Amino acid sequence: MKKLVIILLTIALTFNCTEEKSNLGLLFGLALLSPRKTNSCRPSTSDLISDNRSVQSISLNFLGTFQNKRFWDDLNKIGTSLISAYSPESKWVFTVNGLDGTLDIFDITNPKNPFFVRSIDFRTRGYGHRPTNIAFKNGIFAATAESRVRQQQGKVIFFDSWGKYLGEAITGAQPDFVTFTPNGCYALVANEGEPNDDYSWDPEGSVTVIDLTTGVNFLEAKTRQIGFQGFNNSNIDKNIRITGPGASVPKDLEPESISVTADGRLAYVSLQENNAVGILDLTTFRWLRLMPLGFKDWTQAAPYSGNGIDFRRGGAPTWGSTVTGTETYLPSFIKGQYQPDEIKIFTFNGETYFFTANEGDSRNYQSRQGDEAGDPTSEFYNEEVLITSICNPSSLVPYNNQTISSAICAGVAGFSFGSNPLRVSKIGGDTNGDGIVDEIYAFGGRSVSIFTGDGRLVWDSGSDFEEMLSGNKYIGRAFNLSEIGTGREAITPANPFYNASFERTRNDRRSDRQGPEPEGTALGKIGDKLFAFIGVERPGGLVAYDITNPAQPSFQYYLNFRADATAPDTSTIQGTEQLARLGRSGDLGPEGVIFIHASQSPNGKDLVLVSNETSGSITLYEVVVQERR
């Protein structure tokens, strides 16, 4: 009998330590060994950790980075460091590597020196063609994976804190975001369901809800796929943008990210291309409503317009100017779509609010390789059009049956848009129902915003991002760190760092499109304050705001770690790639941001970790807290 126990124990240890999924190994392991904690459902847990500090302000300090000397695949637009999640148990960070189809694992026990541990190869293990997103809660990582054919169903794979396979579930088409409810009892996946390039196959967008209350087992029976089949053009708000050629509402709605209320009852789902947010009831698993986010007004003196927008590529903007040829305000018939990427829920005085990073995105399906200006060399379908061509029907195909108002055409002809005009949507807005387009929509808000739980805008950062990056605002609190060993260089009008591309460092390359593109977002509770940390995708860097009072947020700090515009050979993609392969490009294309509270961080300090898609790097910043005395 003793020999049998030893044999069984040996088998159990062998199977339980392998990375491969094995029912036999799990069976022996659960029966004979101390079971791993595979149930993330802990009703007392939440997303925001409280402490008793009295905080006045914060700044950011560079700690450490891992530069993997890999440059993203410019042909297929896929990077090697997209989204990360952190386990305080293992002190490991799991990072999505879309290019190689792996989860890359890093040890950040010493945040100044993160080091590579190993990779989990999704393709060889049958998890999917490539991981797309990852989240962590209560001892469990959840990683989404898309199929080789992105329009087919995907998966979500569960691991423990050390990368041990726990289980998996089927999702909808193109799972692109995953999160947990604050108590860890459900995992939710946003399935974007984008069409193929020629729009011949457009799957429906959806949300996958996985019940984890009894652990990560038998997930097939505990998984729900929630689509939008109950919605059509007649029962949604007319300001929800349905723009795909011939698409139905369920096919056109594309979930981008998800955030859940503190009580775990409601999930807010950003629908980026549709400029809307959906509210899903997690007690009935039904949609409560779809909310349009409205449009941003960039006219002078409009609420939250700030000093305008830099809509011309080339030349330094004159902020707040109304002089012809140097205007930074737009005519009233051009509005911005907020089109948030990441969305985050928080509460203030018992009321629900959501924070959005207004990246902006068009439906643009084209050849995978663009020209030097970033324009496609061939197109299958592109929603974008130059504002100066909006009154030319041949430029609006397949929407050339629209009638553009004569006032818009006269306004466009009489306005100075520069030699690289603003890109707008081919599909305009008929605001009074007379069948004539009287509003034109640009992509993205170039800002971050706060809305009430029922979709009312209470604050927008206005022109903060573009002004800061051009050196017109927050001088002394906005810096570039071009090399680890050099000091911080203040961003000033003489040293701007704005609207660059993540592929090359010339300033002002993205002004005619979506500008700086705020994207990844994390919220962190530090003492009695709530802070938002935002990655700025195009020029790079991390922004911090105090959003404790949602009606009165305050800018805190900006720090950018990328080779600056004076670095050699970074004005071309090839030059930037060469610098990246030497490990000297710094951080390019921040995609994911996570906050690590001091109570869970490896060094007892509040940290922010940024994943950079284009340079493939991960970088850690310390949040330097100034407490009240």
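Residues numbered from 1 in each chain as written. Predicted model: local features only at pLDDT ≥ 70, side-chain atom pairs only at ≥ 80, totals over all residues. Heavy atoms only, no water.

(A) A look at the overall build of the chain. Looking only at helices and strands, one finds seven helices and 37 strands in the chain. In summary, the chain has a C-alpha radius of gyration of 24 Å against a globular reference of 25 Å for 629 residues, a match within 12%. Referenced to the eigenvectors of the C-alpha coordinate spread, the extents of the chain come out at roughly 95 × 55 × 50 Å. For the chain, the proportion of contacts with a sequence separation of at least 24, taken over those separated by at least 6, is 58%. Element-wise, carbon and sulfur atoms account for 50% of the exposed surface of the chain, whose accessible area totals about 23500 Å². (Helix = DSSP H or I, 4+ residues; strand = E, 2+ residues; numbered from the N terminus. Rg over C-alpha atoms; globule rule 2.2 N^0.38 Å. Contact = heavy atoms within 4.5 Å. Areas by Shrake-Rupley, 256 points an atom, 1.4 Å probe, with all protein chains shown as cover.)

(B) Here's a closer look at the state of the cysteines. Per the counting criterion, the structure on display carries two disulfides. Two residues share a disulfide in this structure: Cys-41 and Cys-185, whose sulfurs sit 1.9 Å from each other. Because the torsion about its S-S bond is 60°, the bridge between Cys-41 and Cys-185 counts as right-handed. Placement of the pair is Cys-41 in the loop between α2 (23-32) and β1 (55-66) and Cys-185 in the loop between β10 (175-180) and β11 (186-191), with a sequence separation of 144 residues. By the burial criterion, Cys-41 is buried, and Cys-185 matches it. Here Cys-391 is linked by a disulfide to Cys-409, with a sulfur-sulfur distance of 2.1 Å. Across the disulfide from Cys-391 to Cys-409, rotation about the S-S bond amounts to roughly -105°, and the bridge is consequently left-handed. Remark: Cys-409 occurs in helix α5 (residues 406-413) and Cys-391 occurs in the loop between β24 (384-386) and α5; sequence separation between them is 18 residues. Overall, the relative accessible area of 32% leaves Cys-391 in the partly exposed class. (Disulfide = S-S within 2.5 Å. Buried < 20%, exposed > 50% of the residue type's maximum accessible area, 1.4 Å probe, protein only.)

(C) Structural context of unusual backbone geometry. Residue Pro-398 follows Val-397 across a cis peptide bond; omega there is 5°. Summarising the element assignment, Pro-398 is placed in the loop between β24 and α5. The phi angle at Phe-218 is positive, at roughly 50°, despite the residue not being glycine. Tracing the chain through its elements places Phe-218 in the loop between β12 (206-211) and β13 (223-226).

(D) Inspection of helix α7 (residues 573-581) at higher detail. Inspection of α7 places Ile-573, Gly-575, Thr-576, Leu-579 and Ala-580 among the buried residues, and these make up the whole buried set. Along the axis of α7, the buried positions cluster into a sector of 165°, meaning they face one direction only. In α7, the exposed residues that point more than 90 degrees away from the buried face are Gln-574 and Gln-578. (Arc of directions from axis to C-beta.)

(E) Representation of the pattern of salt bridges in the model. Applying the stated criterion across every chain yields a total of 26 salt bridges. Asp-51 serves as the salt-bridge partner of Arg-53, at 2.9 Å between the closest nitrogen and oxygen. Accessibility expressed as a relative area gives 23% for Asp-51, which makes it partly exposed. Note that Arg-446 and Glu-466 form a salt bridge whose closest N and O atoms lie 3.0 Å from each other. Placement of the pair is Arg-446 in the loop between β26 (440-443) and β27 (448-452) and Glu-466 in helix α6 (residues 464-469), with a sequence separation of 20 residues. A single burial state applies to Arg-446 and to Glu-466, both of which are buried. Look at the salt bridges and you will find they share partners, linking Arg-130, Glu-146, Arg-150 and Glu-194 into a network. (Salt bridge = Lys/Arg side-chain N within 4 Å of Asp/Glu carboxyl O.)

(F) Quick peek at the nonpolar core. Grouped together as the largest cluster of nonpolar side chains are 26 residues, with contacts concentrated most on Val-543, Tyr-545, Ile-547 and Tyr-558. Among the elements of the structure, β21 (351-357), β27, β28 (457-460), α6, β32 (529-536), β33 (542-546) and β34 (554-560) are those that each provide at least two residues to this core. Per-element tally for this core: the top contributor is β32, with four residues. Setting aside chain neighbours within four positions, we find Ile-547 in contact with Phe-346, Phe-355, Ile-450, Leu-523, Leu-530, Phe-531, Ala-532 and Pro-553. Judged by nonpolar contacts, the second largest core, of 23 residues, contains Val-209, Phe-228, Ala-267 and Phe-285. (Core = buried A, V, L, I, M, F, W, Y, C linked by side-chain atoms within 4.5 Å.)

(G) Structural context of the packing of aromatic side chains. Across all of its chains, the model carries 31 aromatic pairs by this definition. Between Phe-62 and Tyr-621 the ring centres are 6.3 Å apart and the planes differ by 80°, which places this aromatic pair in the edge-to-face class. Here the residue Phe-62 occupies a position in strand β1, and Tyr-621 occupies one in strand β37 (residues 617-627), the gap between them amounting to 559 residues. Note on Tyr-621: relative accessible area 2%, which makes it buried. With a centroid separation of 4.1 Å and 15° between ring planes, the pair formed by Phe-295 and Tyr-441 is classed as stacked. A residue pair is termed long-range when its members are at least 10 positions apart, and Phe-295 in strand β18 (residues 295-297) and Tyr-441 in strand β26 qualify at 146 residues. Aromatic rings pair up to connect Trp-459, Phe-465, Tyr-474, Tyr-545 and Phe-555 into one cluster. When the ring centre of Phe-502 is taken as origin, the NZ or CZ atom of Arg-538, which lies over that ring, is 4.2 Å away. (Phe/Tyr/Trp six-rings, centres within 6.5 Å; stacked < 30°, edge-to-face > 60°. Lys NZ or Arg CZ within 6 Å of the ring centre and 35° of its normal.)

(H) Fine view of the environment of Thr-352. The residue Thr-352 is located in strand β21 in this model. Assessed through its relative accessible area of 23%, Thr-352 is described here as partly exposed. When the C-alpha positions of Thr-352 and Phe-451 are compared, they lie 8.9 Å apart, and in sequence the two are 99 residues distant. Contact partners of Thr-352, with chain neighbours within four places excluded, come to Thr-261, Tyr-268, Ile-345, Phe-346, Thr-347, Thr-452 and Gly-453.

(I) Inspection of the environment of Thr-318 at higher detail. Take Thr-318: it is sitting in the loop between β18 and β19 (334-337). Taking C-alpha positions, Thr-318 is 9.9 Å from Glu-467, a pair spaced 149 residues apart along the chain. Sequence-distant contacts of Thr-318, defined by excluding residues within four places in its chain, comprise Thr-326 and Thr-328.

(J) Representation of the sheet that holds strand β4 (residues 102-107) within the structure. Spatially, the four strands line up as an open sheet ordered β2-β3-β4-β5, and their pairing is antiparallel. The open sheet has two edge strands, β2 (84-87) and β5 (115-121), and neither has a second partner. With strand direction ignored, the average angle separating the axes of adjacent strands in the sheet is 25°. Both β4 and β5 contribute to a ladder of six bridges, which runs antiparallel. The residue bridging Asp-104 from the neighbouring strand is Ser-119, located in β5. (Pairing = 2+ DSSP bridges. Axes fitted to C-alpha atoms, helices over the stretch in contact; angles between N-to-C directions.)

(K) Expanded view of the sheet that holds β13. On the basis of which strands lie adjacent, the open sheet formed by four strands has the order β10-β11-β12-β13 and antiparallel pairing. Here the strands that pair on one side only, and so sit at the sheet edges, are β10 and β13. Sheet twist, expressed as the mean angle between neighbouring strand axes with direction ignored, is 20°. Taken together, the four bridges between β12 and β13 define a ladder with antiparallel strand orientation. When the bridges of β13 are listed, Thr-208 appears paired with Gln-225.

Keep in mind that these numbers describe shape and distance, not what the molecule does.
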